[in-house]
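# Architecture and fold: a report
Next come the chains, spelled out residue by residue.
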Amino acid sequence: TAVVRMPQDMEHDYMIMATKLGEVKKTPLKLFANVRRDGLNAMDLEPADELVSARLATDNDEAIIVSAGGQSVKFKVSVLRAASRISGGVRGMKLASGDVVVGMDIPVAGQAVLVVTEFGYGKRTPVEDYPLHGRGGQGVITFKTTPKTGRLMTARIVEAEHELILIS
């Protein structure tokens, strides 16, 4: 059993969630203030879907979603409508057949997107290199996947001073 503690400063207004099948959802953080012992439903998922990422954000932030096929889309959080805890999400990224979302994060200027493939290849790209798009598109190529590199396994926001350990 995990205990969730809400930040006291409430500088973040929303929880942004992304699923494997490309849906995103923005829910006001205040709807998670009273967590019951058996938890709360945060999002209605389709049977084959699963939660990939959940982050705190404001309407002034941007979100970036990355797929296993190497595509990424960056959009303003403000384009998402706020939804109740029990509703499902909306299309955050249009996925090619067989593609899935591997990561979603809320970047800030000066940070970079780190992607790592199933065969250990990686790439770090400054957040500023990603153009803003509307949600629901295919986005841009963030990593050219090949049989040698494999598909992307994860995507994370990193800073220059971060140290990483990758374990297979």
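These numbers were taken from a predicted model, which means no experiment stands behind them.

As a further point, take a positive patch on the surface. Among the surface-exposed residues, Arg81, Arg91, Lys94 and Arg135 lie close enough to one another that they form a single positively charged patch. Looking at the secondary structure, you find Arg81 in the loop between strand 5 (71–76) and strand 6 (90–91). By relative accessible area, which is 55% here, Arg81 ends up exposed.

Moving on to the packing of aromatic side chains. Tallying each qualifying case throughout the model produces 0 aromatic pairs. Sitting over the ring of Tyr14, Lys26 keeps its end group 4.4 Å from the ring centre.

It is worth spelling out the environment of Thr27 at this point. Note on placement: Thr27 falls in strand 2 (residues 23–28). Along the sequence, Thr27 and Met43 sit 16 residues apart, while their C-alpha atoms lie 9.0 Å from each other. When residues no more than four places from it in sequence are discounted, the contact partners of Thr27 are Asp13, Tyr14, Met15, Met17, Phe32, Ala42, Ala83, Ser84 and Arg85. Of note is the side chain of Thr27, whose polar atom sits 3.5 Å from the backbone oxygen of Ala83.

Below, the discussion takes up the pairing of strand 7 (residues 101–105). For strand 7, a buried count of 5 out of 5 residues is recorded, marking the element as mostly surrounded by other parts of the structure. Bridge analysis of strand 4 (residues 62–67) against strand 7 gives 4 bridges, and the strand direction is antiparallel. For Ser67, the partnering residue across the bridge sits in strand 7 and is Val101.

Strand order in this open sheet of 4 strands is 3-1-2-6, and the pairing throughout is antiparallel. Looking at strand neighbours, the two that pair on one side only are strand 3 (51–57) and strand 6, the edges of this open sheet. The pairing of strand 2 with strand 6 spans 2 bridges and is antiparallel. Each residue of the ladder has a partner; that of Val24, found in strand 6, is Val90.

Before going further, it helps to spend a moment on the layout of surface pockets. Of the pockets and cavities examined, the second largest pocket occupies roughly 160 Å³. Around the second largest pocket, the lining residues are Val116, Thr117, Glu118, Gly120, Met153, Leu166, Ile167 and Ser168. In the lining of the second largest pocket, the residues fall into 4 nonpolar, 3 polar and 1 charged.

A word on the pattern of salt bridges. Side-chain pairs of opposite charge can arise whenever the charged atoms involved come near each other. Under the criterion given, the structure shown has 6 salt bridges. Between Glu62 and Lys74 there is a salt bridge, with its nearest N and O atoms 3.4 Å apart. In this pair, Glu62 is assigned in strand 4 and Lys74 in strand 5, connecting sequence segments 12 residues apart. On the basis of relative accessibility, which here comes to 6%, the residue Lys74 falls in the buried class. Salt bridges sharing partners connect three or more residues here, namely Glu62, Lys74 and Lys76.

Here we come to the side chain of Asp49. Inspection of the secondary structure puts Asp49 in the loop between strand 2 and strand 3. Among the polar contacts listed, one links the side chain of Asp49 to the side chain of Thr19, at a separation of 2.7 Å. Within the local environment of Asp49, its side chain forms a polar contact with the backbone nitrogen of Leu21, the two atoms lying 3.0 Å apart. Discounting chain neighbours no more than four positions away, the residues touching Asp49 are Thr19, Lys20, Leu21 and Glu23.

Rules and cut-offs
Residues numbered from 1 in each chain as written. Predicted model: local features only at pLDDT ≥ 70, side-chain atom pairs only at ≥ 80, totals over all residues. Heavy atoms only, no water. Patch = residues over 30% accessible without salt bridge, like charges linked within 9 Å, V, L, I, M, F, W, Y side chains within 5 Å. Areas by Shrake-Rupley, 256 points an atom, 1.4 Å probe, with all protein chains shown as cover. Salt bridge = Lys/Arg side-chain N within 4 Å of Asp/Glu carboxyl O. Lys, Arg positive; Asp, Glu negative; His and termini not counted. Charge placed at Lys NZ, Arg CZ, Asp CG, Glu CD. Helix = DSSP H or I, 4+ residues; strand = E, 2+ residues; numbered from the N terminus. Buried < 20%, exposed > 50% of the residue type's maximum accessible area, 1.4 Å probe, protein only. Phe/Tyr/Trp six-rings, centres within 6.5 Å; stacked < 30°, edge-to-face > 60°. Lys NZ or Arg CZ within 6 Å of the ring centre and 35° of its normal. Contact = heavy atoms within 4.5 Å. Polar contact = N/O pair within 3.5 Å; in protein donor to acceptor, adjacent residues only side chain to side chain. Pairing = 2+ DSSP bridges. 1 Å grid on protein atoms, 1.4 Å probe; cavity = no way out; pocket = protein on both sides within 12 Å on 5 of 7 lines; lining within 4 Å. Points joined across faces, edges and corners; volume = space filled by probe spheres on them. Nonpolar A, V, L, I, M, F, W, Y, C, P; charged D, E, K, R; others polar.

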